[in-house]
Each structure stands twice: as C-alpha cells, then as structure tokens.
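Residues per chain are reported as follows:
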Amino acid sequence: MRRKLAAGNWKMNGTAANLAELEALKALLPANAPEVLICPPAPLLFRAHEVVGDTGIQIGAQDCHSHESGAFTGDISATMVADTGATHVIVGHSERREAYEEHDSDIRKKAKAAWAAGLTAVICIGESGDDHEANNTLEIIAGQLAGSLPDATTATNTVIAYEPIWAIGTGKVPTLEQIVQVHDFIRAKIVTRFGAEIGDMIPLLYGGSVKPDNAATIFEAENVDGALVGGASLKAADFAPIIQALAAS
Ligand code: PGA
C-alpha cells in the first residue's frame, strides 16, 4: 500500500495568528487520517511544529537552498529547515521555477540537500497552459522528471507533486481522464527509471485548485496518492474535508 498524503502549501500567506487554523485542524482530523503535511511560511516553522505536537501532522518548508550554509542572504538551508522540527520541503514549485528561474538542475540539487538534512523532498512538476494547449504535457513532464529527480530517489525520501500550472489558483482543474493519463504516465516513468520496488511506492500528489468539492473525484485516480493544496489549505474548515476525502478514497 502506498502512503497517502494531504499536503498544504500556505505560500506567502499567514502570520502567527494563522496558527489558530492549525489548532483547529487538529480537532478536525478523522480517526483514519492519511499523512498530513502543512508547509507554512518559513518564519512560522518552529511554532507550527510546536502547535502540531504529537498529532501526526507534519510540517514542511516551501523551498530551501542547495547549500548547507554560506553567503546567501535571505535564503534558508535544508539543515535550518530540519532544525525547526520540519520533516519535508517543497522543491521546484512552479512559482519558484517561474519567478526565480529555477531549473531542473537546481531542483535536483535542492532535493539532494533536503535528503542530506534528513528531509523528504516534495518535488513539483507541471506544464504551462501553453504547453497544455499544444498537447506537450507528457513531453514536458518526462523532461522535468528526468531532470529534477536525482538518481538516489526512493519512496521514503521523495514525494512527487504534479501541478499543471494553468490549474494553480485558477479554479480550473483537468478532467479526471487527464489526471489519470498524466499520473499513469509519471508512474510508468518512475517504475522504468527506479524499478518497481521504488517506482510503485513513491507517492504521487495532484495539485492545482483542489477543493473540498472536487477532491473525492480527483482521488478516484489510482495513481493519485494525495494532493498538494494551496488556497484551500489555509482554512482548517476547507482542508479537513479534503483530508477526509483522501482517507475515504
Ligand atoms: P491551489 O495551489 O490549490 O491554490 O491551486 C496549489 C499549489 O500551488 O500548490
């Protein structure tokens, strides 16, 4: 059985006051909850970790630098992320690929830095709207998988999140058939590259406008093992039904 994971990415939203949402989420977790991960802004990592305590909710960062320390003003290293009690770090989110011109090779280095610090890397891939319209999705995904995943990828050190850029924050969601097609493709690629023992066990998340009212449908796809949720992870009342839908899937 593959691990199921409901991951929330708060992006650059939230101050200490928003930790109340984490408190609220604790009370709303179903008894059979899958793995739950919240990635708040970096200044909240320590406190978020304190708030979740031993509830099983895991905390992650949204990015890390590929170096462990040094003259990189404004950046945080994977070691620093791990020091807060966090267990995961998102790398290669499309917003970072676009706004900070991060390339597959940068993301591969960040994933390795995450592992060296004992973190699980949540590696994001996804095609642009133009590539989607031009029917280039599978080609783009194949290139990102080949370039962003280090050779030492395993089912415990890595989670892959497929997030079509055109679906992020737009309310547009691919059809279930499209999600099935891409996730089956990703599964086949990683089984070919890493072998069935690893490739079959790496959790694959779908991300992009996952909401309480579409989560159950998305989780019908056999190779969707959870979701990476932006907007709907900010409020416990929105995120909890998504966690419940995953638990029921
Ligand atoms: P969204 O964001 O759920 O707000 O579309 C998803 C993401 O960027 O991870």
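Rules of the game
- Residues numbered from 1 in each chain as written.
- Predicted model: local features only at pLDDT ≥ 70, side-chain atom pairs only at ≥ 80, totals over all residues.
- Heavy atoms only, no water.
- Near = heavy atom within 4 Å.
- Polar contact = N/O pair within 3.5 Å; in protein donor to acceptor, adjacent residues only side chain to side chain.
- Areas by Shrake-Rupley, 256 points an atom, 1.4 Å probe, with all protein chains shown as cover.
- Nonpolar A, V, L, I, M, F, W, Y, C, P; charged D, E, K, R; others polar.
- Helix = DSSP H or I, 4+ residues; strand = E, 2+ residues; numbered from the N terminus.
- Contact = heavy atoms within 4.5 Å.
- Axes fitted to C-alpha atoms, helices over the stretch in contact; angles between N-to-C directions.
- Left-handed = near helix turned anticlockwise from the far one by under 90°.
- Phe/Tyr/Trp six-rings, centres within 6.5 Å; stacked < 30°, edge-to-face > 60°.
- Lys NZ or Arg CZ within 6 Å of the ring centre and 35° of its normal.
- Pairing = 2+ DSSP bridges.
- Core = buried A, V, L, I, M, F, W, Y, C linked by side-chain atoms within 4.5 Å.
- Buried < 20%, exposed > 50% of the residue type's maximum accessible area, 1.4 Å probe, protein only.

**Q** Which parts of the structure should I look at to understand the site of the ligand?
**A** Taken together, the neighbourhood of the ligand is formed by 13 residues, with K11, H93, E163, G169 and S209 sitting nearest. Residue E163 places a side-chain N or O atom 2.6 Å away from an oxygen atom belonging to the ligand. Between the ligand and S209, the relevant distance is 2.8 Å, taken from an oxygen atom to a main-chain nitrogen or oxygen of the residue. When isolated, the ligand has an accessible area of 280 Å², and the protein chains bury 97% of it. Its residues assigned to classes, the shell around the ligand shows 4 nonpolar, 7 polar and 2 charged.

**Q** For this particular structure, what's the right way to read the environment of V89?
**A** Take V89: it is sitting in strand β4 (residues 88-91). When the C-alpha positions of V89 and S148 are compared, they lie 14 Å apart, and in sequence the two are 59 residues distant. Dropping the residues within four chain positions of it, V89 is found in contact with A61, Q62, D63, C64, A114, L119, T120, A121 and V122.

**Q** Could you clarify how one ought to interpret the packing of helix α1 (residues 19-28) against helix α11 (residues 236-248) in this entry?
**A** Pairs of packed helices are described in terms of their axes, by the angle between the two and the distance that separates them. Put simply, α1 and α11 touch, their axes get as near as 9 Å, and they point 35° apart. You can see that α1 and α11 cross each other, and the crossing is right-handed. Contacts between α1 and α11 involve E21, A24, L25 and L28 from the former and A236, A237, F239, A240, I243 and Q244 from the latter. Of the residues in the contact of α1 with α11, the class split is 8 nonpolar, 1 polar and 1 charged.

**Q** Explain the packing of aromatic side chains here, please?
**A** Working definition: an aromatic ring pair is given by the centre-to-centre distance plus the angle between the planes. The full count for this structure, using the stated rule, is 1 aromatic pair. Geometry around Y100 places R96 over its ring, the cationic atom sitting 4.0 Å from the centre.

**Q** Help me understand the sheet that holds strand β6 (residues 158-162) in this model?
**A** Backbone-to-backbone hydrogen bonds pair the strands of a sheet. The strands run either parallel or antiparallel. Judged by pairing direction, the barrel is parallel, and its 8 strands sit side by side in the order β1-β2-β3-β4-β5-β6-β7-β8 before closing back on the first. Strand-to-strand, the axes of this sheet are offset by a mean angle of 25°, without reference to chain direction. In the sheet, strand β2 (residues 35-39) pairs with strand β3 (residues 57-61) via 3 bridges, with the strands oriented parallel. By the bridge assignment, I38 is partnered in β3 with I59. Lying on the sheet, helix α5 (residues 104-116) is in contact with β4, β5 (120-125) and β6; it crosses β5 at an angle near 160°.

**Q** Help me out: how do you make sense of the nonpolar core in this one?
**A** Nonpolar side chains in soluble globular proteins tend to end up buried together. Formed by 62 residues in total, the largest nonpolar core has its most connected members in L22, L25, I160, I186, F219 and F239. Ranked by residues supplied to this core, first place goes to α11 with 7 residues. Once residues within four sequence positions are removed from consideration, I186 is found in contact with I125, I141, L145, I160, Y162 and L204. L5, C39, A161 and L228 belong to the second largest nonpolar core, which has 11 residues in total.

**Q** What exactly am I supposed to notice about the pairing of β6 here?
**A** One face of the sheet, then the other: side chains in a regular strand alternate in exactly this way. The buried count for β6 comes to 5 of 5 residues, which makes it a mostly enclosed element. Burial along β6 is two-sided: T158, I160 and Y162 facing one way and V159 and A161 facing the other are all buried. With 3 bridges joining them, β6 and strand β7 (residues 204-207) adopt parallel strand pairing. Bridge pairing links Y162 to Y206 in β7.

**Q** Please clarify how the packing of helix α7 (residues 137-148) against helix α8 (residues 176-194) should be interpreted in this entry.
**A** α8 packs onto α7 with a crossing angle of 35° between their chain directions and a minimal axis gap of 11 Å. The handedness of the crossing between α7 and α8 is right-handed. Listed contacts from α8 to T137, L138, I141, A142, L145 and A146 of α7 are Q181, V182, F185, I186, K189, I190 and R193. Partitioned by chemical class, the residues of the contact of α7 with α8 number 9 nonpolar, 2 polar and 2 charged.

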